[in-house]
Amino acid sequence: MSLIMVPRKRSVAIDYPAKLGKFISTQYSPAEAAHHNEGVKALGEQRAQCLHASDPGESNRDIGMRYWAQLSLLDNRIDFNQVGMRFEWYDAFKGPTALAPSQGKCASISLNLEIASVLFNTAVLYLHAGSKEHQVGTSESFKNALGFFKKAAGMFAAVKDTASKIDGAVSKDLSADCLTMLETLSLAHAQRCFLEQAAASKKSPAILAKLAGGCANLYAEAHGPTASGGELAKHLKGTTLGAETELEALYFRASSHIYAAQAVEAEHKGLKKGHEVGHMVAAVQKLDAALTLAKKVKPDRKDGVAAFLATATKALAQSRSENNTVYHMLEEANISDPEGKVLVKPEPVPSPLDTVGSDRFGSLVPESVRRSAVAYASQRQDYVNRMVMDMQQNTEAVRARLLPITPQLEACDTTEPGVPVRLREKLPDIQSQGAGRGLAEKYNVSIGMRDEASESLAMAKESIESEERADDELRRKFGSKWTRSLSSSINAPIRKDLDSIAKQMSQAKTADDTVADKLEKNKKLFDMLDRSVDDLDALVAGKSDPTQAVQDQTSVEKAQAMVQQLKAIVYQIERLLAERDAIRTTSIRHKDSEDGVRALSAYILQGSTAEAAFKALLGQYSAYRDKFVANHQAVEAALIKLEEGNASFIAMRSASAEVSRRESAIKDISMAIDAFAEISAYVREGQNWYSAIQEKIGRVQTRAEDFKVARDIQKEDLIESIAEASAREPPPPQAAATFVAAPAAPVATAFRSTAPDTSRDEEFARQLAGLSAGPPAQKSPPPPAPAPAPAPAP
C-alpha cells in the first residue's frame, strides 16, 4: 500500500553558459569568466540531471540537494535580476495540455523561482523514498521513512520561504497555502510511521490513542485547504489529493477511538462499558465513511480499510453483548474524539555550505561583502592608527628620558672622540633624503594632498546640498503636488559618509599642524644635519680630553668601565626601539596588503554577521599590540636600570666646561636625528593616509553626483507631469460685472492625471544613496494553520 504522494514540477531547458558566463565576464572580468567556465557548464549539467531524476534513490536526492545548495550560494554573490536569465516552471498538479500549452506556467528572472522549484522536486523525491521504506514494514524501515518524511516537511517549509521572495504571481503549487498543506502532509506521514513503530513495540493503548489522534489531526489539517472551496480546492479539482487526505483522517480517527476503547477496558475493567462502546461505535462509523472513499479514489486502500472495519464491527458487537448481558450501562452517543498528540516536527534544511560539496563559485565576491569591506577598512584603519600613535607617543617619551643621559655618557667616552657610532650610522640616510629641506618638501606634498582631498570632499557635499536645496524650493513652490520623497530622507547614507570623512580630515589637519610646529621648532637642529660628517666630528671632538671629567687616573679607569656598561644598556634600548619600529611597520604593511573583501568573504559566506567578522579580523591586529606591550615593558625595565646607573656615574663625575660643550654638541645632534626620525614617520603616515582617503572620497563623490543626476531626472519628470496636469485644469471663474451677495461656488472638475510613474526613479536614487530598496509589496497569503507543538516521545 503506497502513501499519498505528490507529483514533481517540470521545466524547460536554460542556457547557463550563454547568460551567466557573459554576465560574469561583463561584471567581473573576462579572466573571472574563464576561471568559472567549467563551473558554469557543470551547473547546467546538474540542472539537467535534476530534471530527469525520477527514481528517489540516494544519488538523485543528493544531486537535487547539491544543485539547490549551489544556487543558494550563488544567489548571495550574483543579482540574477541583472543576468537576464528567464526561468520557466510548470505547476506540479496542473501542467500544460494540448489545448492549454501555457497552463500552470510560471516564468521569472528571479533565481528564487529556480531555487524553490528544485527544492520542491527534491522534497517530492524524499516523499517517495519514505513511501518505499514504509512499504517494507519493518521497525528499521519505519525509522528510515520517518526521517525521510521529516526532511520533506522541512524542505516544503523552506520552499515556502523562498517562494515568498519571488516577484509577481507564482504557480499555485508554490503558494503559501499549498506548501503549508504539503508540509503538513509530510508530517502526517511521519507521525504515521511513529505510530506504527509504537504499535510494533507494544506501547499501551492510551499512548497509541494519542498518537493515532495526532496522525488524524495532521491528515485533517492537510485536507482542510483542499475542501474549503477556496483557490487551492479549485486548483486541485480533478485530483484525488483532497479525498485521500480525508480518507486517512477518517481511518486514523477510527484507530484513535479503537485504541481509546481498549484503554478504557484496560483501566476500568468493564465499569465504563458504555464509554467503551461509544468509542467503538464512532470507530465503525468513521471506517464505514473511509471505506466509501477508498472505493472511489484509492482501490489499493479498500481491502485494508474493509478488513479493519470488519474487525471493528466484530469488536463492537462483542462489547455490546457484554454490556447487554453483564454491565447494562447506557451507551455514550456522539462521544468526543480522543486527544491527539503530535510528536514529529520538520527537519530544517541543512546549510548550503555543508551540502554543496564543491562550491564552484566560491571565489566570486558578493556585493554585500564589498559594501561591508568599506566599513571594515575604516575600522581597521582606526585600530592600526591608534596602535601606531601609542607606539610613537611612547617612543617619544623614551627618547625624552634618554636625551639627558646618552650625551653625558658619550661626552666622557675616550673611545669615541667624534660623533658617537650610534648617531654616525644614521647620518648618511638622513642626508640622502635632503635632511631638513627634504623633510619640509615632503610635508608640503602631504599638505597638497590634503588640499586636494578637501576640495573633492567639498564638491561631493555641494552635490548633495544643492540637490536638497532645489528639492526644498520646489516643495515650497508646488506644495502637495510635489509628491517625491524628501531628499534628506534618502541621502542620509551619503551624508553619513561625508560627515565621517570630514571628521577624519579635521583630525588629520590637527596632526598636520602639530607636524608643522615640530618642523619650525627643530629648524636650527635640522640645519646642523646638512653639515658633513667630518664637520660634525670636529664639532664634537674640539680640542678636549674626555678624561677631564673625572678626578684621578684610578677614577678614569673606573668611569670608562661604567660608561661602557651604561652605553651597553643604551644600545639595548635602541635595539628594542628598532624592534618596536619593525612591529609598527609590519602592522601597517599587514593592513595595507590585506584584501578586506576576500577576508570578509571567508566569514560572511559561512553565516557570520558583519560585526562578528569585523571582530575576528581585527583580532589579528591585537597580536601586534601584545608585542608592543611586551616591548614597552622591556624598554621600561632597561630605562630604570640606565637611570639608576647614570645617577651613580654623575656622582663620581666632576664639572668640566669642555666636556659640557662636547655633551651639548652630542645632545644637539642626537635631538636633530630623533626629531628627523619622528617627523619623517608622521609625514610618511600622513601621505599614506591622504592617499587612502582620496580613494574613499572619490567613491563617495561618485555616489553623490550619481544621486544628484538621478534626482534631477526625477525632478524634471515630475515638473513636466505637474505642468501637464495644470494645463488640463479649468480656468478660474471670471469675476461678475455686477455686485452679487456671494460668489458662486467653483465647480469641481474631475480630471485624470497622466503623470509618469516615477517610483523606479526614486528607487534608483535610493540605491545610489546606499539605501537598500525593499522588495515590492506582495499580496499577503492567508496565514497557515499553526503547527502542533512537538512533545517528547512516549
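Residues numbered from 1 in each chain as written. Predicted model: local features only at pLDDT ≥ 70, side-chain atom pairs only at ≥ 80, totals over all residues. Heavy atoms only, no water.

> Kindly report on the confidence of the model for the protein, identifying the contributing residues and their values.
For the protein, per-residue confidence averages 84 on the pLDDT scale, and 87% of positions sit at 70 or higher. Confidence drops under pLDDT 50 across residues 735–759; counting only partners more than four residues distant or on other chains, this segment forms twelve contacts. The low-confidence segment residues 768–794, where pLDDT is below 50, has 48 contacts with residues more than four positions distant or belonging to other chains. (pLDDT = per-residue confidence, 0-100. Contact = heavy atoms within 4.5 Å.)

> Describe the packing of aromatic side chains, and please don't skip the residues or the numbers.
By the definition in use, this model includes twelve aromatic pairs. For the ring pair tyrosine 219 and phenylalanine 252, a centre distance of 5.8 Å and an interplane angle of 15° mean the geometry is stacked. You can see tyrosine 219 sitting in helix α9 (residues 205–227) and its partner phenylalanine 252 sitting in helix α11 (residues 241–268), a full 33 residues away along the chain. The exposure classification of tyrosine 219 matches that of phenylalanine 252, with both residues buried. One aromatic cluster is present, built from ring pairs that chain together Tyr219, Tyr251, Phe252 and Phe308. It is lysine 9 that lies over the ring of phenylalanine 120; its NZ or CZ is 5.9 Å from the centre. Seen from the ring of tyrosine 251, arginine 301 lies directly overhead, with NZ or CZ sitting 4.2 Å from the centre. (Phe/Tyr/Trp six-rings, centres within 6.5 Å; stacked < 30°, edge-to-face > 60°. Helix = DSSP H or I, 4+ residues; strand = E, 2+ residues; numbered from the N terminus. Buried < 20%, exposed > 50% of the residue type's maximum accessible area, 1.4 Å probe, protein only. Lys NZ or Arg CZ within 6 Å of the ring centre and 35° of its normal.)

> Any details on the sheet that holds strand β1 (residues 10–11)? Residues and values, ideally.
Strand-to-strand pairing in sheets goes through backbone hydrogen bonds, with the strands running parallel or antiparallel. Spatially, the three strands line up as an open sheet ordered β1-β2-β3, and their pairing is antiparallel. Edge strands, defined here as strands with exactly one partner in the open sheet, are β1 and β3 (105–108). Sheet analysis places strand β2 (residues 87–90) next to β3, joined by four bridges and oriented antiparallel. Paired with tyrosine 90 across the strands is lysine 105, a residue of β3. In the packing of helix α6 (residues 111–136) onto the sheet, contacts are made with β2 and β3, and the angle to β2 comes to roughly 35°. (Pairing = 2+ DSSP bridges. Axes fitted to C-alpha atoms, helices over the stretch in contact; angles between N-to-C directions.)

> Before we move on, can you summarise the pattern of salt bridges with the specific residues and values?
Considering all chains together, one arrives at 36 salt bridges under this definition. In this structure, lysine 165 engages aspartate 161 in a salt bridge whose closest nitrogen and oxygen atoms are separated by 3.7 Å. For lysine 165, a relative accessible area of 47% gives the class partly exposed. Taking the shortest distance from any N to any O, the salt bridge between arginine 625 and aspartate 390 comes out at 3.1 Å. Residue arginine 625 is located in helix α26 (residues 610–652), and its partner aspartate 390 is located in helix α15 (residues 367–402); the two are separated by 235 residues in the primary sequence. Residue arginine 625 is classed as partly exposed on the basis of its relative accessible area, which comes to 24%. A relative accessible area of 31% means that aspartate 390 is categorised as partly exposed. Taken together, the shared-partner salt bridges connect Arg399, Arg422, Lys426, Glu574 and Asp674 into one network. (Salt bridge = Lys/Arg side-chain N within 4 Å of Asp/Glu carboxyl O.)

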